[in-house]
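Here is how the chains run, residue by residue.
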Amino acid sequence: MMKLYFAPGACSLADHIALIEAGAKFEAEAVDIKSKRTASGEDYLAINPKGYVPALLLDDCEVLTENIAVLDWIADQYPQLRRNGALSRTRQLEMLAFISTEIHPAFKPMWHGGTDEQKAKARDTIARLFVLAAKQLEGDYLFGRELSVADCYLFVMLRWAEKLGIAVPEPLLQLQWRMEQRPAVQAALAREEAVRPARPGSAPIEPAVRENAKEHRFERPIHDTAIAAAYYRNADGRLVFIHTEVPTEFSGQGIATALARGTFEQLRASGRKAVLVCPFMVHFANTHPEYRDVFEG
């Protein structure tokens, strides 16, 4: 049976989602990128000498590597995941190449010990590239009303940006939210979280919460037209939270708590601190001491 080798949260998540969306029959096995061992104890370098993910072992024992190649193969086998119309494959490869060669490597300083100056430059570069990607949207997804493998790859980049607090244009925030509602995305995330080592005292980042730096707020979409928001102002590198807002018709559903949790997980991941003025946020802090390291004052 076909097998996908992945690392939790890595770019191989795109392939994981695409295979589930396609209804493909496959196994998935996690890889420890540092030790180069698979979950079953195999030497991953014997499977993929490059040492990174993804690698897709096909039924005929051929091994595909590199996200562009793997995603293109999936779209070729399962045409429902490719762009329709003229130049369909070419346009999809064009977008996959843009994500793989421009957006993806722009994150390198964030993951591999870049200086503060390099990280700041990377944030600006990534934000600019997302603006270009947003202009490519032809509907709910990159190529119209239907999901493509390119959306799966872009979704991973958006999750990384969310974790690091990088500004993302509103159309891409909506795309990410739509993706998060899809059963295949939820299934892939659940499988990968199940094998991810837990960090003591840490809750998973609330997947639906993202920062809208232009509007100075963290947002939790409720549906296509309604959001909950935590507003802040910048003060010497700290974020001062001044107001939390949930539409009245959605009150009492735990949305504000989920918003606060996701907000503070993002601040922790990006190394930023919060000063709390908003009464709700003060109450949340008093009842959730596990986030004490994020607060100041």
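Conventions and cut-offs
Note on numbering: residues in each chain are counted from 1, in written sequence order. Whole-chain, interface and lining totals are the exception, using all residues; otherwise, since this is a predicted model, local features are given only for residues with pLDDT of at least 70 and side-chain atom pairs are given and counted only at 80 or more. Hydrogens and water molecules were not included; the side-chain quantities draw on all heavy atoms of the structure. Secondary structure elements are defined from DSSP: runs of H or I of at least 4 residues count as helices, runs of E of at least 2 residues count as strands, and each element is numbered from the N terminus. Each residue gets one of three labels from its accessible area relative to the maximum for its type: buried under 20%, exposed over 50%, partly exposed in between, using a 1.4 Å probe on protein chains only. Residue contacts are defined here by distance: any two heavy atoms, one from each residue, within 4.5 Å place the two residues in contact. Reported accessibility uses the Shrake-Rupley method at a 1.4 Å probe radius. Residues are deemed covered only where the shown protein chains occlude them. Positive charges come from Lys and Arg, negative ones from Asp and Glu, while His and the chain ends are left out of the count. The atoms used to mark charge sites are NZ of Lys, CZ of Arg, CG of Asp and CD of Glu. Counting of polar contacts relies on pairs of N or O atoms within 3.5 Å, with two restrictions inside protein: one atom must be capable of donating a hydrogen and the other of accepting it, and residues adjacent in sequence are counted only when both atoms are side-chain atoms. We call a pair of cysteine sulfur atoms a disulfide when they lie within 2.5 Å. The span you would expect from a helix comes to 1.5 Å times its residue count less one. Taking the helix axis as origin, the arc is that swept by the directions to the C-beta atoms. We call Phe, Tyr and Trp rings a pair once their centres come within 6.5 Å, taking the six-membered ring for Trp, and we label the pair stacked below 30 degrees between planes, edge-to-face above 60, and tilted otherwise.

Across its full length, the protein chain holds 11 helices and 11 strands. If one aligns the C-alpha atoms of the protein chain with their principal axes, the spans along those axes are about 60 × 45 × 40 Å. Of all 297 residues assigned to the protein chain, the portion counted as buried reaches 49%. Taking contacts inside the protein chain between residues at least 6 apart in sequence as the whole, the part at least 24 apart equals 60%. Within the structure as shown, the protein chain displays about 14,300 Å² of accessible surface, and the carbon and sulfur contribution to it stands at 52%. Charge centroids of the protein chain, computed over 35 positive and 39 negative side chains, lie 3 Å from each other.

What follows is about the environment of T65. Structurally, T65 is set in strand β5 (residues 63-65). A sequence separation of 57 residues divides T65 from A122, and the C-alpha atoms of the two residues are 26 Å apart. Among the polar contacts made by the side chain of T65, one reaches the side chain of K50 at a distance of 2.8 Å.

Our focus in this paragraph is the side chain of R83. By the element assignment, R83 lies in the loop between α3 (67-77) and α4 (88-106). Setting aside its immediate chain neighbours within four residues, R83 contacts S88, R91, Q92, E138 and F143.

If you walk through the whole model with that rule in mind, you get 0 disulfides. Cysteine C152 remains unbridged, with the sulfur of C11 as its closest cysteine sulfur at 13 Å. Taking the relative accessible area as the measure of exposure, C152 reaches 0% and is therefore buried.

Relative to the assigned elements, T257 resides in helix α10 (residues 255-270). For T257, a relative accessible area of 30% puts it in the partly exposed group. For the pair formed by T257 and M281, sequence separation is 24 residues and the distance between their alpha carbons is 9.0 Å. In contact with T257, other than residues within four places in its own chain, are F280 and F284.

For the rest of this paragraph, the subject is helix α6 (residues 116-134). Between its first and last C-alpha, α6 extends 27 Å over 19 residues, near the 27 Å set by a 1.5 Å rise per residue. Of the positions making up α6, those classed as buried are A122, I126, L129, F130, A133 and A134. Projected onto a plane normal to the axis of α6, the buried residues spread over an arc of 135 degrees and lie on a single side. α6 presents E117, K121 and D124 as exposed residues on the side facing more than 90 degrees away from its buried surface. Buried positions along α6 lie against α4, α5 (108-111), α7 (149-164) and α8 (170-180).

Now for the packing of aromatic side chains. Scanning the entire structure with this criterion turns up 12 aromatic pairs. Note on F241 and F264: the rings are 5.9 Å apart at their centroids and 75 degrees apart in plane angle, and the pair reads as edge-to-face. Remark: F264 occurs in helix α10 and F241 occurs in strand β9 (residues 238-245); sequence separation between them is 23 residues. In this structure F241 comes out as buried when scored by relative accessible area, which is 1%. Three or more aromatic residues joined by ring pairs form one cluster here, namely F218, Y232, F241, F264, F284, Y291 and F295.

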